[in-house]
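Summary of the model geometry
Listed below are the residues making up each chain.
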Amino acid sequence: MLPDRPGALGAVATALGLVGADILSVDVIERAPGSATDDFVVELPPDKLADSLVSAAATVPGVQVESIRPYAGQIDPHRELELLEALARDPDSSLPVLAGGVARIFRAGWSLVLAEPVAGQSRVLASGGAAPELDSLPAPWWPPRPARTLPADDEWAPPDWERLGTELAVAPLGGAAALLVGRPALRWLPSELVRLQHLAAIATTVTPEAVLDAGR
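Residues numbered from 1 in each chain as written. Predicted model: local features only at pLDDT ≥ 70, side-chain atom pairs only at ≥ 80, totals over all residues. Heavy atoms only, no water.

1. A short note on a negative patch on the surface
Together, Asp-153, Asp-154, Glu-155 and Glu-162 line one region of the surface with negative charge. The residue Glu-155 is located in the loop between strand 7 (148-150) and helix 5 (159-163) in this model. (Patch = residues over 30% accessible without salt bridge, like charges linked within 9 Å, V, L, I, M, F, W, Y side chains within 5 Å. Areas by Shrake-Rupley, 256 points an atom, 1.4 Å probe, with all protein chains shown as cover. Salt bridge = Lys/Arg side-chain N within 4 Å of Asp/Glu carboxyl O. Lys, Arg positive; Asp, Glu negative; His and termini not counted. Charge placed at Lys NZ, Arg CZ, Asp CG, Glu CD. Helix = DSSP H or I, 4+ residues; strand = E, 2+ residues; numbered from the N terminus.)

Given below as structure tokens:
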């Protein structure tokens, strides 16, 4: 978190640069009166420890480091291509293949493919990763477009998701399905949501329409 004033972001960037950090991207997560929460993606030299980032940021008045985490935002293009190839090789199994691949690509705990809700309930068509064992799930947030985050503390979500600090993201999968992805204590960046939606759209083009419509 840093003061929402001119020059604050530049001061942080300069401080991080002095310890050898290469800033790859910056995303504004949220704003509040007088402050802003930004997510920096940085690359450190091999001889530098992550603690040096905290010390560097602390030299800028009013700056507070909330957390440091391994970067999970960049989709590995090789894994993405491998997923698309796997979908094309076995179209009839495309939904579980997609769910498992998305969980790996985004380093998520799990991924669910959900059908369009009927009477408020969305049927689980496929799951990947350490997905919860569910046959259906309430979906008051439907439709899934655009890709976005969902609060895990809403009434529709199982209580365990909030207790585990699950961060949820949803993206449309064709016209009648959705991808719901959960990962523990790792906030979704706006750039990740764009990538998730793009990946889902590409996957739709190589998934038979009859498979995507199976939940109707």
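2. Observations concerning the sheet that holds strand 4 (residues 110-115)
Strand order across the open sheet formed by 6 strands is 6-5-4-9-8-7, with antiparallel pairing between neighbours. In this open sheet, the two strands that pair with only one neighbour each are strand 6 (136-138) and strand 7. The sheet shows a mean angle of 35° between the axes of neighbouring strands, direction not considered. Across the sheet, helix 4 (residues 94-105) is in contact with strand 4, strand 5 (121-129), strand 8 (166-173) and strand 9 (177-184); its angle to strand 5 comes to roughly 60°. Across the sheet, helix 6 (residues 190-205) touches strand 7, strand 8 and strand 9, and the angle it forms with strand 8 is around 40°. (Pairing = 2+ DSSP bridges. Axes fitted to C-alpha atoms, helices over the stretch in contact; angles between N-to-C directions. Contact = heavy atoms within 4.5 Å.)

3. Quick notes on the packing of aromatic side chains
With the rule as written, the count across this model stands at 5 aromatic pairs. Their ring planes at 45° and their centres at 5.6 Å tell us that Phe-106 and Trp-188 sit as a pair that is tilted. Within this pair, whereas Phe-106 is found in the loop between helix 4 and strand 4, its partner Trp-188 is found in the loop between strand 9 and helix 6, the two being separated by 82 residues in sequence. When sorted by exposure, Phe-106 lands in the same class as Trp-188, which is buried. Look at Trp-110 and Trp-161: their rings are 4.8 Å apart centre to centre, the planes differ by 35°, and that puts the pair in the tilted class. Residue Trp-110 is found in strand 4, and its partner Trp-161 is found in helix 5; the two are separated by 51 residues along the sequence. For the pair formed by Trp-110 and Trp-161, the shared burial category is buried. Following the ring pairs from residue to residue traces out a cluster consisting of Trp-110, Trp-141, Trp-142, Trp-156 and Trp-161. Here the basic side chain of Arg-183 rests over the ring of Trp-188, its NZ or CZ set 4.0 Å away from the ring centre. (Phe/Tyr/Trp six-rings, centres within 6.5 Å; stacked < 30°, edge-to-face > 60°. Buried < 20%, exposed > 50% of the residue type's maximum accessible area, 1.4 Å probe, protein only. Lys NZ or Arg CZ within 6 Å of the ring centre and 35° of its normal.)

In short, shape yes, function no, at least from these values alone.
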